[in-house]
2 protein chains.
Amino acid sequence: MSLSIKEIQAPIAEEMRAFEGKFRQSMKTKVMLLDTIMNYIVQRKGKQIRPMFVFLTAGLCGEITEKTYRGAALIELLHTATLVHDDVVDDSNYRRGFFSVNALWKNKIAVLVGDYLLSKSLLLSVNNNDFELLKIGSNAIQEMAEGELMQMEKARKLDITEEVYFEIIRRKTATLIAACCAMGVSSVGADDETVEKARLFGEKVGVAFQIKDDLFDYGDAEIGKPLGIDIKEKKMTLPLIYALNQADWFTKRRVINTIKNESENPKKVAEVIDFVKKSGGIEYATKVMQNIVTEAQNILNTFPDTVFRQSLAGLVQFTIERSK
Amino acid sequence: MSLSIKEIQAPIAEEMRAFEGKFRQSMKTKVMLLDTIMNYIVQRKGKQIRPMFVFLTAGLCGEITEKTYRGAALIELLHTATLVHDDVVDDSNYRRGFFSVNALWKNKIAVLVGDYLLSKSLLLSVNNNDFELLKIGSNAIQEMAEGELMQMEKARKLDITEEVYFEIIRRKTATLIAACCAMGVSSVGADDETVEKARLFGEKVGVAFQIKDDLFDYGDAEIGKPLGIDIKEKKMTLPLIYALNQADWFTKRRVINTIKNESENPKKVAEVIDFVKKSGGIEYATKVMQNIVTEAQNILNTFPDTVFRQSLAGLVQFTIERSK
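Worth saying up front: this structure is predicted, and the values here are computed from it rather than measured. (Residues numbered from 1 in each chain as written. Chains lettered and ligands numbered in written order. Predicted model: local features only at pLDDT ≥ 70, side-chain atom pairs only at ≥ 80, totals over all residues. Heavy atoms only, no water.)

Asks: What's the story with the overall build of chain A in this structure? I'm lost.
Replies: Helices and strands together make up the secondary structure of chain A, namely 15 helices and 2 strands. The principal-axis extent of the C-alpha atoms belonging to chain A is close to 60 × 50 × 35 Å. Burial statistics for chain A: of 324 residues in total, 57% are counted as buried. For chain A, the proportion of contacts with a sequence separation of at least 24, taken over those separated by at least 6, is 75%. Accessible area for chain A stands at about 13,900 Å²; split by element, carbon and sulfur atoms hold 51% of it. Charged side chains in chain A number 44 positive and 44 negative. The centres of these two groups are separated by 4 Å. (Helix = DSSP H or I, 4+ residues; strand = E, 2+ residues; numbered from the N terminus. Buried < 20%, exposed > 50% of the residue type's maximum accessible area, 1.4 Å probe, protein only. Contact = heavy atoms within 4.5 Å. Areas by Shrake-Rupley, 256 points an atom, 1.4 Å probe, with all protein chains shown as cover. Lys, Arg positive; Asp, Glu negative; His and termini not counted. Charge placed at Lys NZ, Arg CZ, Asp CG, Glu CD.)

Right, here's the structure in full:
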């Protein structure tokens, strides 16, 4: 019953193709070094889930317009900017199986390229007087930066409640998918109430998306993906938070001390993974994720039943069933 | 005849004080780590030359309004964001005599703090529907990132003409001062022609400001400041470009080879400095700077003769006479 990415894309296949050309165009610059890097980035693009959310939600509420394209480009530029900066933040040398910008051109250039992409993203709306899109976009940048910083702050202390976990992932991940959906419907002239409804739908999908991502750290991923990276980096995610809440005081102290002092030791990380699994952390997080997806689908079902709605339902299912 | 910073500030002293409070307020956040960093940044603020340009140019054309304050805050947030990112870009551990954000909290946090400040800066205008301010601001971010990247690209090749030098400093430095002046007059409702005139005035001041900065590398600075940093980093600035243009083919090759291969050697750097001085590079750059300042003052003189105009004339003089 699950749809493939190709089936999901069917109602907006033409738009996605046209978008690719427009997006490349929007990245053009006269600075040669920058142009080289932009080409490198465009050639290694991802699945473009975010533009898909923009086009599909737009289709849900009206006729896709030039403004929808600008919304999708704004989001994709902004997303690319945060990926380039994230690789600096995480000191990561790879992105989508290729070298990251900071690995090839050093951190200093990656920081500037990210800034450039951010400004490009905003200028696109500024120059077209897309005030609402801009508002949604700048809010997203702020929320994302706050979310990442909040995560770093909390990671140091290793005391993180479910509430704080949801606050962090809402900001750092869900904000952008929420922005996609809000922009999509806003670009076709939907009223404030509908924009808010679409935003909330996207936020729930984004939260589910991140829980899925966090579950991969416990082996719910394609074969060969390394496990326990989050634990190694002292990132506390839902399965672990739940497991710790179930544990007695002594076990809790022991696990936290392991994460604090021995997270570089793969054997110790494996022990933590084992502890989480035995405590039912995986089942719990999966259940929570499914509940949130159901809430998202319920919101979606208040929109008219069209091919766009079916595709969106498929896209939501895809985000929690994907294998990487 | 030169005015002190205090005298320059006199007509806007009250506004600058009120601005400080508003600026602190605009940096507030619920994320604790971020709040700590924001406080650290605010306490170590610079001379606030840029807000002064905003308020003084606003006074030149009308009554200072809330929008002027927002323009000044937008600029100062944006400027602070670029400083935080610049310190990552330059791997610099100090800023204004204190540790830089990246030195105290690491690069990853500095990148996010910069992004946060950029979004704050833009949101300030977005939330107040200051569309023109936003346009000026986002354009500035783009130009600055392009300018820095252009400089890096050219630095590698060590072939840089006067034309390219001016293009780089216009983008990386002058853009922001130009933006201050354009925002100042725009915030009090000046027409497009006046905004463009103010922008051009600011651009010329900014170019002169950067030439002055580049001259410091040759000893035109307060005692004790290290010389030849630009040469060490293979940044070609106006005095050197001029000197190379005057040299015969053989000397030119020799100096370029020294910069390319021996710029880590202080004795060799001293030789390059000596070469530039003997070729008249300092006098030339100083003369060019003064001509540009005259052009700026001529533009300024087309505005009505008020205390604001006198202060601006003093501020322009200050930027090229400052000792650091």
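Once the structure has been displayed, the description carries forward.
Asks: Can you walk me through the side chain of Ser-263 of chain A in this structure?
Replies: On the secondary structure map, Ser-263 of chain A appears in the loop between helix H12 (249-262) and helix H13 (266-278). Setting aside chain neighbours within four positions, we find Ser-263 of chain A in contact with Ile-231, Lys-232, Lys-234, Thr-258 and Val-269 of chain A.

Asks: Can you walk me through the interface of chain A and chain B in this structure?
Replies: By a frequent convention, interface size equals the accessible area lost on bringing the separate parts together. Facing 45 residues of chain A, the contacting portion of chain B comprises 45 residues. Together chain A and chain B conceal approximately 4,100 Å² of surface at their shared face, both sides included; 73% is due to carbon and sulfur atoms. The three residues of chain A that bury the most area against chain B are Leu-112, Phe-131 and Leu-149 of chain A, which together make up 16% of that side's buried surface. At the junction of chain A and chain B, the tally comes to 0 salt bridges. Counting across the interface, chain A meets chain B through 10 residue pairs in polar contact (both at pLDDT 80 or more). Those elements that provide at least two residues to the side of chain A that touches chain B are helix H3 (32-43), helix H5 (66-89), helix H6 (101-126) and helix H7 (131-157) of chain A. (Buried area = accessible area lost by both parts, 1.4 Å probe. Salt bridge = Lys/Arg side-chain N within 4 Å of Asp/Glu carboxyl O. Polar contact = N/O pair within 3.5 Å; in protein donor to acceptor, adjacent residues only side chain to side chain.)

Asks: Whenever I open this one, the packing of aromatic side chains confuses me. Can you help?
Replies: Given two aromatic rings, one states the distance between the centres and the angle between the planes to describe the pair. Counting across every chain of the model gives 11 aromatic pairs over all chains. Ring centres of Phe-19 of chain A and Phe-55 of chain A lie 5.8 Å apart, and the angle between their planes is 75°; on these two criteria the pair is classed as edge-to-face. With Phe-19 of chain A in helix H2 (residues 13-26) and Phe-55 of chain A in helix H4 (residues 49-61), this pair connects stretches of sequence that are 36 residues apart. In textbook terms, an aromatic cluster arises when at least three aromatic residues are bridged by ring pairs, as seen for Phe-19, Phe-23, Phe-55 and Tyr-69 of chain A. In this structure, Lys-22 of chain B packs its charged tip against the face of Tyr-69 of chain B, placed 4.6 Å from the ring centre. One Lys or Arg, Arg-50 of chain B, reaches over the ring of Phe-209 of chain B and ends 6.0 Å from the middle of that ring. (Phe/Tyr/Trp six-rings, centres within 6.5 Å; stacked < 30°, edge-to-face > 60°. Lys NZ or Arg CZ within 6 Å of the ring centre and 35° of its normal.)

Asks: Explain the relation of the copies chain A and chain B here, please?
Replies: One chain copy maps onto the other through a rotation about an axis and a shift parallel to that axis. Of the transformation placing chain A onto chain B, the axial shift is 0.0 Å and the rotation is 180°, giving an RMSD of 0.0 Å. Here the copies are linked by what is in effect a two-fold axis. Residue Val-111 of chain A of chain A places its C-alpha closer to the rotation axis than any other residue of that unit, at 3.6 Å. When you check the interface residues of chain A against chain B, 100% turn up at the interface there too, and the contact is symmetric in its surfaces. (Least-squares fit on C-alpha atoms with pLDDT ≥ 70 in both.)

Asks: Help me out: how do you make sense of H3 of chain A in this one?
Replies: Helix length check: H3 of chain A (12 residues) gives 17 Å between terminal C-alpha atoms against 16 Å at 1.5 Å per residue, within 8%. By the burial criterion, the buried members of H3 of chain A are Leu-33, Leu-34, Ile-37, Met-38, Tyr-40, Ile-41 and Val-42 of chain A. (Expected span 1.5 Å × (residues − 1).)

Asks: Help me out: how do you make sense of the packing of helix H14 (residues 281-300) of chain B against helix H15 (residues 307-321) of chain B in this one?
Replies: Packed helix pairs are characterised by how far apart their axes lie and by the angle those axes make with each other. Residue and element names in this part refer to chain B. Close contact between H14 and H15 brings their axes to 11 Å; oriented N to C, the two are set at 170°. On the basis of the axis angle, H14 is roughly antiparallel to H15. Facing H14, whose interface residues are Met-289, Val-293, Gln-297 and Leu-300, H15 presents Arg-309, Leu-312, Ala-313, Val-316, Gln-317 and Ile-320. (Axes fitted to C-alpha atoms, helices over the stretch in contact; angles between N-to-C directions. Parallel < 35°, antiparallel > 145°, perpendicular 65-115°, else oblique.)

Asks: Just checking my understanding: could you explain the nonpolar core for this structure?
Replies: One recurring pattern in soluble globular proteins is that nonpolar side chains are buried together. Membership of the largest hydrophobic core comes to 214 residues, with the highest contact counts inside it found for Ile-211 of chain A together with Ile-211 of chain B. Beyond its immediate sequence surroundings of up to four residues, Ile-211 of chain A is in contact with Tyr-165, Phe-166, Ile-169, Leu-238, Ala-285, Val-288, Met-289 and Ile-292 of chain A. (Core = buried A, V, L, I, M, F, W, Y, C linked by side-chain atoms within 4.5 Å.)

Asks: In this structure, what is going on with the packing of helix H7 (residues 131-157) of chain B against helix H8 (residues 162-187) of chain B? I would like to understand it.
Replies: Residue and element names in this part refer to chain B. At a minimum axis separation of 8 Å, H7 and H8 run at an interaxial angle of 165°. As judged from the angle between their axes, H7 and H8 are roughly antiparallel. Note that H7 runs across H8; the crossing there is left-handed. Residue composition of the contact of H7 with H8, by class: 11 nonpolar, 5 polar and 9 charged. (Left-handed = near helix turned anticlockwise from the far one by under 90°. Nonpolar A, V, L, I, M, F, W, Y, C, P; charged D, E, K, R; others polar.)

Asks: In this structure, what is going on with unusual backbone geometry? I would like to understand it.
Replies: Phi is mostly negative for residues that are not glycine, and the peptide bonds are mostly trans. Although it is not a glycine, Asn-129 of chain A sits at a positive phi angle of roughly 55°. By the element assignment, Asn-129 of chain A lies in the loop between H6 and H7.

Asks: So what exactly am I meant to see when it comes to the environment of Arg-254 of chain B here?
Replies: Residue and element names in this part refer to chain B. Looking at the secondary structure, you find Arg-254 in helix H12 (residues 249-262). By relative accessible area, Arg-254 is classed as partly exposed at 42%. For the pair formed by Arg-254 and Val-272, sequence separation is 18 residues and the distance between their alpha carbons is 10.0 Å.

Asks: Hey, could you run me through the pattern of salt bridges in this one?
Replies: Should their charged atoms come close, side chains of opposite charge can pair. By the definition in use, this model includes 36 salt bridges over all chains. A salt bridge links Glu-146 of chain A to Arg-171 of chain A, with the nearest nitrogen and oxygen atoms 2.7 Å apart. In this pair, Glu-146 of chain A sits in helix H7 while Arg-171 of chain A sits in helix H8 (residues 162-187), placing the two residues 25 residues apart along the sequence. The burial state of Glu-146 of chain A is the same as that of Arg-171 of chain A; both residues are buried. Taking the shortest distance from any N to any O, the salt bridge between Glu-167 of chain B and Arg-171 of chain B comes out at 3.0 Å. Within this pair, Glu-167 of chain B and its partner Arg-171 of chain B are both found in helix H8, separated by 4 residues, close to a single helical turn. A relative accessible area of 25% means that Glu-167 of chain B is categorised as partly exposed. Taking the relative accessible area as the measure of exposure, Arg-171 of chain B reaches 5% and is therefore buried. One network of salt bridges, in which partners are shared, links Glu-143, Glu-146, Glu-167, Arg-170, Arg-171, Glu-196, Arg-199 and Glu-203 of chain A.

Asks: Hey, could you run me through the state of the cysteines in this one?
Replies: In protein chemistry, a disulfide is the covalent bond that joins the sulfur atoms of two cysteines. If you walk through the whole model with that rule in mind, you get 0 disulfides over all chains. Not engaged in a disulfide, the cysteine Cys-181 of chain A finds its nearest cysteine sulfur in Cys-180 of chain A; these two sulfurs lie 6.1 Å apart. For Cys-181 of chain A, a relative accessible area of 0% corresponds to the buried category. As a non-bridged cysteine, Cys-61 of chain B has Cys-181 of chain B as the owner of its nearest cysteine sulfur, 10 Å distant. Overall, Cys-61 of chain B belongs to the partly exposed group, its relative accessible area being 28%. (Disulfide = S-S within 2.5 Å.)

Asks: Is there a simple way to explain the side chain of Thr-194 of chain A in this structure?
Replies: The residue Thr-194 of chain A is located in helix H9 (residues 192-216) in this model. If we ignore the near neighbours within four places in the chain, the residues touching Thr-194 of chain A are Cys-61, Val-185 and Phe-303 of chain A.

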